[in-house]
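Overview (structure and organization)
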Amino acid sequence: MTSARVQVTAAQLKALLVRLVLCLHFLLVVWRVTVAWGKTLWFLTCAIAPFLIETIFTIVKRKGTEWKWFSLCFFFYSGATLPGIWLLEIKRTKTYLSANVTSLEDIMIPGLDIPLRLSSDTWVLVMEELLLYLMILGRWILPRGHVGREELSQLLFAFLGMASDMIDLFSLFEEDRIRVDMSVTYALLAVWSWSVLQFSLTFYTAHRPRRARGLQMTGHRHDTLSVYRLNIIYTELAASFVSLFMQDGPFLALRLYTVVVYQTVNHSTIFFICKNILVIFILIYKIVILCHKRVRQKSEEDGSEVVDEGAKDTEQSLRGIKNGHSAKRELVEYNNHVDLEESDNQVTSVDDGGQTVDELVAESSNTDVTGPLCLDASGDAPLSPEKDRMDRQEQEKEELERQENKDGNLTVNIDTTTNIDNHIN
């Protein structure tokens, strides 16, 4: 097998192993509910159906890869296990109201003799703590998917901090005045269940799996960096709001209620009340800083867009000027070519007498000329044919330059007939 196939198989085995352990804990909770209530409540196993469907889909279709921002595995597992925890706590409260005694139960495993006896209350606490610890360990063992190793370690530390606070919340049941009040029991279970859903979220740290490759794109370097910073801000804002409204806020409200109404003042309660207050202030401070950072980043992006638009306009203007100069240069070259062709045509044209230039030259050669071949325009100095041709070329050149300065006038009027007469004379 190739290395890619080995990695896929390992991911599938990890995903299957974690889900089997979670399913085993769920069955253990259902068994404890049946024992505590004294009747068969195996209908609770129907709640595991979505969990089994998600297991098959993830292992077969997604090759064991977890989702990026949300864990369906932990969500369905929590939804299946929490009803059993509720039934255990309610039965525990009713038992406390009826008779303030608890019986010890031996742990019986066929073939093993374990000298360990647990009370029904202890069994409930074990089930509740296992729920949290198994999700932390499961998150560690599950395939990372889009989450990096550094991000996974930060996520696990965040889960440990949440679990410690959530476990301590059940210490409120140790107070007799709280245990006998069913309304407080329901409120405490609701707050605790609401906070357990945090383990289904995985955006407590910014995902950056493609950061380096994105920044290497020279054409989109600035845009990629802006998107990356924006994702970090939104991720941290979401994590802050989740912690504020799913744990520290509700926990603080419940603890303050028990202190004010039931006068449950002890070292643990005061410590966690101060901890929740401090965390809430820090989260609010963090949210304000992130919002200010987002506004500043937005202003910087707007400024960079203005600069980019100005640079594009300047570049287009320069390109237009360059194209204009190129077009003008081509037009001048074309005019020069046309003028030269017209000059050649005029030299070979017919004069007013109907004779061509070659005939006139032949007649002049047959004539007995003892003097100079031709005179200049004033008749004072003799001109050679070569000098006359050079003068004519200079005149044509000056005329071309003059016409180029007059915005590309395409007609050139050269008095060829006069030059021919001067040559003949």
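This structure is a prediction, so every number in the text was calculated from the model and none was measured. (Residues numbered from 1 in each chain as written. Predicted model: local features only at pLDDT ≥ 70, side-chain atom pairs only at ≥ 80, totals over all residues. Heavy atoms only, no water.)

1. Let's talk about the overall build of the chain
Counting its regular elements, the chain contains 13 helices and four strands. Counting across all 425 residues of the chain, residues that qualify as buried make up 35%. Excluding contacts between residues fewer than 6 apart, the proportion of contacts in the chain whose partners are at least 24 apart in sequence is 74%. Counting every atom, the chain has about 25700 Å² of accessible surface; 62% of that belongs to carbon and sulfur. (Helix = DSSP H or I, 4+ residues; strand = E, 2+ residues; numbered from the N terminus. Buried < 20%, exposed > 50% of the residue type's maximum accessible area, 1.4 Å probe, protein only. Contact = heavy atoms within 4.5 Å. Areas by Shrake-Rupley, 256 points an atom, 1.4 Å probe, with all protein chains shown as cover.)

2. Here we look at the nonpolar core
Counting 55 residues, the largest nonpolar core has Leu 22, Leu 132, Met 135, Met 166, Leu 169, Trp 192 and Phe 199 as its most contacted members. Within the residue set of this core, elements represented by two or more residues are helix H1 (3-37), helix H2 (49-61), helix H3 (72-98), helix H4 (120-141), helix H5 (149-169), helix H7 (182-196) and helix H9 (221-262). Judged by nonpolar contacts, the second largest core, of ten residues, contains Leu 237, Leu 252, Val 259 and Ile 280. (Core = buried A, V, L, I, M, F, W, Y, C linked by side-chain atoms within 4.5 Å.)

3. Quick look at the pattern of salt bridges
Counted according to the given criterion, the structure contains nine salt bridges. Between Glu 66 and Arg 19 there is a salt bridge, with the nearest N and O atoms lying 3.0 Å from each other. Taken as a pair, Glu 66 in the loop between H2 and H3 and Arg 19 in helix H1 lie far apart in primary sequence, 47 residues in all. Using a relative accessible area of 1% as the deciding quantity, one classes Glu 66 as buried. Residue Arg 19 is classed as buried on the basis of its relative accessible area, which comes to 2%. Across the salt bridge formed by Arg 179 and Glu 89, the nearest N and O atoms sit 3.7 Å from each other. Linking Arg 179 in helix H6 (residues 176-179) with Glu 89 in helix H3, this pair joins segments that are 90 residues apart in sequence. (Salt bridge = Lys/Arg side-chain N within 4 Å of Asp/Glu carboxyl O.)

4. A look at unusual backbone geometry
Of note in the backbone geometry, Lys 63 takes a positive phi value of approximately 55 degrees without being a glycine. One can find Lys 63 in the loop between H2 and H3. The class of Lys 63 is partly exposed, set by a relative accessible area of 39%. Although it is not a glycine, Gln 263 sits at a positive phi angle of roughly 55 degrees. In this structure, Gln 263 sits in the loop between H9 and helix H10 (267-347). For Gln 263, a relative accessible area of 51% gives the class exposed.

5. A few points about H4
Taking 1.5 Å per residue as the helical rise, H4 with its 22 residues ought to reach 32 Å, and the 31 Å between its terminal C-alpha atoms agrees with that figure. For H4, the full list of buried residues reads Trp 123, Val 124, Met 127, Glu 128, Leu 131, Leu 132, Leu 134, Met 135, Ile 136, Gly 138 and Arg 139. (Expected span 1.5 Å × (residues − 1).)

6. Considerations on the side chain of Arg 294
For Arg 294, the location among the structural elements is in helix H10. Setting aside its immediate chain neighbours within four residues, Arg 294 contacts Leu 230, Ile 233, Tyr 234 and Glu 301.

7. A word on a nonpolar patch on the surface
Taken together, the side chains of Leu 17, Val 21, Leu 137, Trp 140 and Ile 141 present a nonpolar region at the surface, about 490 Å² in accessible area. The set of elements that each furnish at least two residues to the nonpolar patch consists of H1 and H4. Here the nonpolar patch takes three residues from H4, the largest share from any one element. Note on placement: Ile 141 falls in helix H4. Residue classification places Ile 141 among the partly exposed residues on the basis of a relative accessible area of 40%. (Patch = residues over 30% accessible without salt bridge, like charges linked within 9 Å, V, L, I, M, F, W, Y side chains within 5 Å.)

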